[in-house]
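# Notes for the structure review
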Amino acid sequence: MFCTESSVIVHEQRMTPVPGHIGALMVSYLACVAPGRLGSLINRALYWSENRRRRIDFMIIGIQKAGTSWLSARLHEVPDIQLSYPKETQFFKFRWRPEYDQWSPERVRARYLRRFWSPPRAKILFEASPGYVVDGAIARRVARILPDVRLIVVLRNPVHRAYSAYNMWVRNRQWPLSFQQTCLPVLERARQASAQHGDRLSFYQSLGLDVPDNLISYGLYYYHLIQWFEVFPRDRFYVMTTADLNNPERLADLLSFVGAEREGVAAMQLGREAAGKHLGAPISDTDRERLEAFFAPYNQILFKLLDVPDLDW
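Here the structure is a predicted model, which means the values were calculated and not measured. (Residues numbered from 1 in each chain as written. Predicted model: local features only at pLDDT ≥ 70, side-chain atom pairs only at ≥ 80, totals over all residues. Heavy atoms only, no water.)

## Observations concerning the environment of R236
Test applied: Strands here mean DSSP runs of E at least two residues long; helices mean DSSP runs of H or I at least four residues long; both are numbered from the N terminus. Using a 1.4 Å probe on the protein chains alone, a residue whose accessible area is under 20% of its type maximum counts as buried, one over 50% counts as exposed, and one in between counts as partly exposed.
Following the sequence through the fold, R236 ends up in the loop between α10 (221-229) and β7 (237-241). For R236, a relative accessible area of 17% gives the class buried. Separated by 87 residues in the primary sequence, R236 and V149 place their C-alpha atoms 7.4 Å from one another.

As structure tokens, then:
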């Protein structure tokens, strides 16, 4: 029998410290009447004591239809890196509860870790929820709970991203409208909002983030990033494009960014085709040119934000 300065009782929702003498009495009692329960409690207490200081090292926060599933799978192949289960935890979006706003960051982090990395088996932990990047409220939640996290953003030519998303809707949702029938009303609403707001953030905030409006709004990357840049320093971000995904040098740089060895790129199955691609028929020249004209000025302010002449996407 042993007694530390403070024993621990593990509840389903949280750990509560118990004064040492009370904890010792409880341990003695359990040892007599419920030895199996005692072993379970001790194992859980030791497990969470060991891992309570663990952190989530990085997140892939966007963008949908840019290859984030492929990248997540390749990173998970690196021995020092562990992906959450499921890949898209959606913890800071659909699974966020109002009471989390009142909880301490430590308590929320413990819930987050326990739910999606049980047990944490690698040195570096990450998740990939590509819908996070579009929402400023999520950026503020992540900054409060995970102030040291590193953030990866994968960007794709917004025209190709929109068309890929449309084809996914056709395949998964049996979407009944043609691309042109879907796109034209969304573009018209976006043009009207632009005429009213200019290129201010209020323009983006006036657009919808649900189907079908996200055909356009998800491609306005400048507005996504400035909301995250407001709450995280720029050096926390690694921005890459879909064209970078099979580039060993860029992936080695990414591994270094998240704290892994560059040599880990050898464990990645590069050249592997992305599963479940929604290609459909090629986009028509008319639809492509229409979208390129719409996105062009927003791409330019994105390039200025990133301090690059353009992006190879």
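## Notes on the pairing of β7
Test applied: Two strands qualify as a pair provided DSSP detects at least 2 bridges between them.
The element β7 is largely enclosed, with a buried count of four among its five residues. Where strand β6 (residues 150-155) lies against β7, five bridges are found, and the strand directions are parallel. Counterpart to I152 in the pairing with β7 is Y238.

## Considerations on the sheet that holds strand β5 (residues 124-128)
We count it as follows: Axis lines are fitted to C-alpha atoms, over the contacting stretch for helices. Their N-to-C directions set the angle, which ranges from 0 to 180 degrees. Any pair of residues with heavy atoms lying within 4.5 Å of one another is described as a contacting pair.
Read across the open sheet, the five strands follow the order β4-β5-β3-β6-β7; overall the sheet is parallel. Two strands bound the open sheet, and with one partner strand each, they are β4 (81-83) and β7. Sheet twist, expressed as the mean angle between neighbouring strand axes with direction ignored, is 25°. Across the sheet, helix α3 (residues 68-76) lies against β3 (58-62), β4, β5, β6 and β7, angled at about 165° from β3, the strand it touches most.

## Focus on unusual backbone geometry
Residue P86 follows Y85 across a cis peptide bond; omega there is 0°. Within the secondary structure, P86 is located in the loop between β4 and α4 (105-116). Note that the residue after S118, namely P119, is joined by a cis bond; omega there is 0°. On the secondary structure map, P119 appears in the loop between α4 and β5. For Q90, which is not glycine, the phi torsion reads 55° and is therefore positive. Relative to the assigned elements, Q90 resides in the loop between β4 and α4. According to the relative accessible area criterion, Q90 is buried, its value standing at 12%.

## A closer look at α3
Those residues of α3 not exposed but buried are T68, W70, L71, S72, R74 and L75. On the buried face of α3, the contacting elements are β3, β4, β5, β6, β7 and α11 (248-257).

## Remarks on the confidence of the model for the protein chain
Test applied: Predictor confidence is given residue by residue as pLDDT, running from a minimum of 0 to a maximum of 100.
Residues at a pLDDT of 70 or more form 81% of the protein chain, whose mean pLDDT is 87. Ignoring residues within four places in sequence, the model shows residues 1-20, a span with pLDDT below 50, making 37 contacts including any to other chains. Ignoring residues within four places in sequence, the model shows residues 46-50, a span with pLDDT below 50, making seven contacts including any to other chains.

## Some remarks on the pairing of β3
Burial of β3 is extensive: five of the five residues sit out of reach of the surface. Here β3 pairs with β6 via four bridges, running parallel. For I60, the partnering residue across the bridge sits in β6 and is I152.

## Regarding the nonpolar core
Put simply, the rule reads: Here, nonpolar core refers to any group of buried Ala, Val, Leu, Ile, Met, Phe, Trp, Tyr and Cys residues whose side-chain atoms link them within 4.5 Å.
Counting residues in hydrophobic clusters, the biggest one holds 90 residues, and the most contacted among them are L71, F92 and W228. The biggest single contributor to this core is helix α12 (residues 285-306), with seven residues.

## Things to note about the packing of aromatic side chains
Basically, it comes down to this: Stacked, tilted and edge-to-face are the three classes assigned to paired rings of Phe, Tyr and Trp, where Trp is represented by its six-membered ring and a pair needs centres within 6.5 Å; plane angles under 30 degrees give stacked, over 60 edge-to-face, the rest tilted. A ring is considered to have a charge above it if a Lys NZ or an Arg CZ atom is located within 6 Å of its centre and within 35 degrees of its normal.
One pass over the full model with this rule turns up 31 aromatic pairs. Seen in terms of ring centroids, Y166 and F179 are 5.2 Å apart; in terms of plane orientation they differ by 70°. Their pairing is edge-to-face. Separated by 13 residues along the polypeptide, Y166 in helix α6 (residues 158-173) and F179 in helix α7 (residues 179-197) bring together distant segments of the chain. The buried category is assigned to Y166, whose relative accessible area is 9%. On the basis of relative accessible area, F179 is assigned to the buried category, the value being 6%. An aromatic cluster is built from F91, F92, W96, Y100, W103, Y112, F116, W117 and Y132, whose rings are joined through pairwise contacts. When the ring centre of W103 is taken as reference, the NZ or CZ atom of R107 above it lies at 3.6 Å.

## Examining α6
Going by this rule: A helix is expected to span 1.5 Å for every residue after the first.
Look at α6: 21 Å from first C-alpha to last across 16 residues, which is about the 22 Å you get at 1.5 Å a residue. Three or more residues of α6 are buried, namely P158, V159, R161, A162, Y163, S164, A165, Y166, N167 and W169. Contacts made by the buried residues of α6 are with α7, α9 (214-217), α10 and α12. After α6 finishes, the residue Q174 shows a positive phi value of roughly 55°.

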